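Now for the letters of each chain:
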Amino acid sequence: MNRRLHDFSGTLAEHGHRSLTRARPTWLQANLGKRCNQACRHCHVDASPTRTEMMDEATADRLLWLLERNPALELIDLTGGAPELNPHFRHIVSRTRQLGRRVLDRCNLTVLFEPGQEDTAEFLAEHDVEVIASLPCYSEKNVDAQRGRGVFDKSIEGLRRLNALGYGTTRTLSLVYNPGGAFLPPGQASLEADYKRRLHEDFGVEFTNLLTLANMPIARFATDLAREGRHDEYMQLLVGAFNPATVDGLMCRHLISIGWDGALYDCDFNQMLDMPSPGSTRSIHDLTDADDWEGRPIRVGPHCFGCTAGAGSSCGGALA
Ligand code: SF4
Ligand code: SF4
């Protein structure tokens, strides 16, 4: 890899950003564990049914304590693996809602059919949880190739179940698209229009909005690229598509990311790369005031070009 070409800090500097620093944190993003009922090809967490890492009760309680103490934290974004498989998931959700904060659940849809999850959709609706669900295409062939055989049909079934509870009409149901290979996502607005038309016409499914995300050159996707001898080519694509207009909205500027074990990171991707947040506070058990993080530097690397390419990519979709 050409280090100079992939120097993210240097590229920021060329565009007038001396370093990447935090604004006031308004989100907590918590990884509740690496266990998932799926094992998708592009998973940046390397999640699968065989992973055993899970956030424990003490860490979940500390998360809630932190939210209670920091009113500027408007919402908690629950990720995994499949966050619903964590035994403390429902406690975290109901307490956060009692505190009047928003909850986002990154739901893979198929988990709704796992044993013990039969009433999860109803639980989400009862607590007004906003659902963000992965569906990388509206065609069975593409989804099953990326996420496993049978995943598309089950995902449509999951979407219908959520629709029946008001998701996609009176409750927020966002879908997430990521490319099926080493290319950037198409425009979010036009793809959303295609998704809406196809899912409505073919399956009677409704959703609120579509978020387009780029594939990050880490974990399973990086392994795939390396195997195909396309890693450098993909990095060149990301670097060449650097868009300075995406920098202000980068998710790491607004959130604190918490690993399943309570370790603190600048984002989910840095978590995967084992790049903890700079500074002496390394664990949620030592963190008291989220506001103290305002102005702190963010640890960056070549993978950050995945967030700034084209229209940009963040946990909330395109940035520019
Ligand atoms: S559903 Fe999500 S967390 Fe699970 S393996 Fe697929 S991408 Fe990873
Ligand atoms: S990967 Fe993206 S979100 Fe994470 S630190 Fe880099 S730019 Fe920020």
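Draft legend 1. Representation of the overall build of the chain. Across its full length, the chain holds eleven helices and eight strands. Against the compact-globule benchmark of 20 Å for 320 residues, the chain has a radius of gyration of 19 Å, which places it among compact chains. Within the span of the chain, comprising 320 residues, buried residues form 46% of the whole. When contacts within the chain are restricted to residue pairs at least 6 apart in sequence, long-range pairs at least 24 apart make up 75% of them.

Draft legend 2. Broad picture of the nonpolar core. One finds Leu28, Leu63, Val131 and Ala133 to be the most contacted residues of the largest nonpolar core, which totals 85 residues. For this core, the leading source of residues is helix α6 (residues 151–164), giving five residues. In this structure Ala133 touches Cys107, Leu109, Leu173, Leu175 and Val176, once residues within four positions along its chain are discounted.

Draft legend 3. Examining the site of ligand 2 more closely. Ligand 2 sits among Leu250, Met251, Cys252, Asp266, Cys267, Phe269, Asn270, Ile298, Val300, His303, Cys304 and Cys307. For the shell around ligand 2, the per-class residue count stands at nine nonpolar, two polar and one charged.

Draft legend 4. Structural context of the pairing of strand β7 (residues 255–258). Burial along β7 is two-sided: the face carrying Leu255 and Ser257 and the face carrying Ile256 and Ile258 are both buried. Where β7 and strand β8 (residues 264–265) come together, two bridges link them in antiparallel fashion. The residue bridging Ile258 from the neighbouring strand is Leu264, located in β8. Taking the residues between adjacent antiparallel strands as the criterion, β7 and β8 are bridged by five residues, where Gly262 takes a positive phi near 90°.

Draft legend 5. Summary view of the environment of Gly116. Turning to its location among the elements, Gly116 is positioned in the loop between β3 (102–107) and α4 (120–126). What makes Gly116 exposed here is the crowd of 9 C-beta atoms within 10 Å. The sequence separation of Gly116 and Leu85 amounts to 31 residues, and the corresponding C-alpha distance is 9.0 Å.

Draft legend 6. Spotlight on the packing of helix α2 (residues 57–69) against helix α3 (residues 89–98). At a minimum axis distance of 10 Å, the contact between α2 and α3 shows a crossing angle of 10°. Taken together, the axes of α2 and α3 lie roughly parallel to each other. Seen from α2, the contacting residues are Ala60, Leu63, Leu64 and Leu67; seen from α3, they are His91, Ile92, Arg95 and Thr96. Of the residues assigned to the contact of α2 with α3, the class counts are five nonpolar, two polar and one charged.

Draft legend 7. A look at helix α5 (residues 140–147). What α5 keeps buried is the set Val143, Gln146 and Arg147. End-on, the buried residues of α5 take up no more than an arc of 80°, which puts them together on one face. In this fold, the buried residues of α5 make contact with α6.

Draft legend 8. Layout of the site of ligand 1. Close contacts around ligand 1 come from Cys36, Gln38, Ala39, Cys40, Cys43, Val45, Ala47, Gly80, Gly81, Ala82, Asn108 and Ser134, and that covers them all. Tallied by class, the residues present in the shell around ligand 1 amount to seven nonpolar, five polar and no charged.

Draft legend 9. Examining unusual backbone geometry more closely. The residue after Gly80, namely Gly81, is reached through a cis peptide bond having omega 25°. Summarising the element assignment, Gly81 is placed in the loop between β2 (75–79) and α3. In this structure, Asp128 takes a positive phi of about 50° despite not being glycine. When you line up the elements, Asp128 lands in the loop between α4 and β4 (130–134).

Draft legend 10. Local environment of the pairing of strand β5 (residues 173–177). Side chains of β5 alternate between two faces, with Leu173, Leu175 and Tyr177 buried and Ser174 and Val176 left unburied. Pairing of β4 with β5, which is carried by four bridges, proceeds in the parallel orientation. For Ser134, the partnering residue across the bridge sits in β5 and is Val176. One ladder, built from four bridges, connects β5 with strand β6 (residues 209–212); its direction is parallel. Paired with Leu175 across the strands is Leu210, a residue of β6. The parallel pair β5 and β6, bridged by helix α7 (residues 188–203), forms a crossover whose chirality is right-handed.

Draft legend 11. Geometry of the sheet that holds β7. With respect to topology, eight strands assemble into an open sheet ordered β6-β5-β4-β3-β2-β1-β7-β8, the strand pairing being mixed. In this open sheet, the two strands that pair with only one neighbour each are β6 and β8. In the packing of α7 onto the sheet, the strands contacted are β5 and β6, and the crossing angle to β6 comes to about 130°.

Calculation criteria
Residues numbered from 1 in each chain as written. Chains lettered and ligands numbered in written order. Predicted model: local features only at pLDDT ≥ 70, side-chain atom pairs only at ≥ 80, totals over all residues. Helix = DSSP H or I, 4+ residues; strand = E, 2+ residues; numbered from the N terminus. Rg over C-alpha atoms; globule rule 2.2 N^0.38 Å. Buried ≥ 20, exposed ≤ 12 C-beta atoms within 10 Å, placed from the backbone. Contact = placed C-beta atoms within 7 Å. Core = buried A, V, L, I, M, F, W, Y, C linked by C-beta atoms within 7 Å. Near = placed C-beta within 6 Å. Nonpolar A, V, L, I, M, F, W, Y, C, P; charged D, E, K, R; others polar. Pairing = 2+ DSSP bridges. Axes fitted to C-alpha atoms, helices over the stretch in contact; angles between N-to-C directions. Parallel < 35°, antiparallel > 145°, perpendicular 65-115°, else oblique. Arc of directions from axis to C-beta. Right-handed = clockwise from strand over helix to strand, strands pointing away.

It is worth stressing that arrangement in space is one thing and function is another; only the former is reported here.
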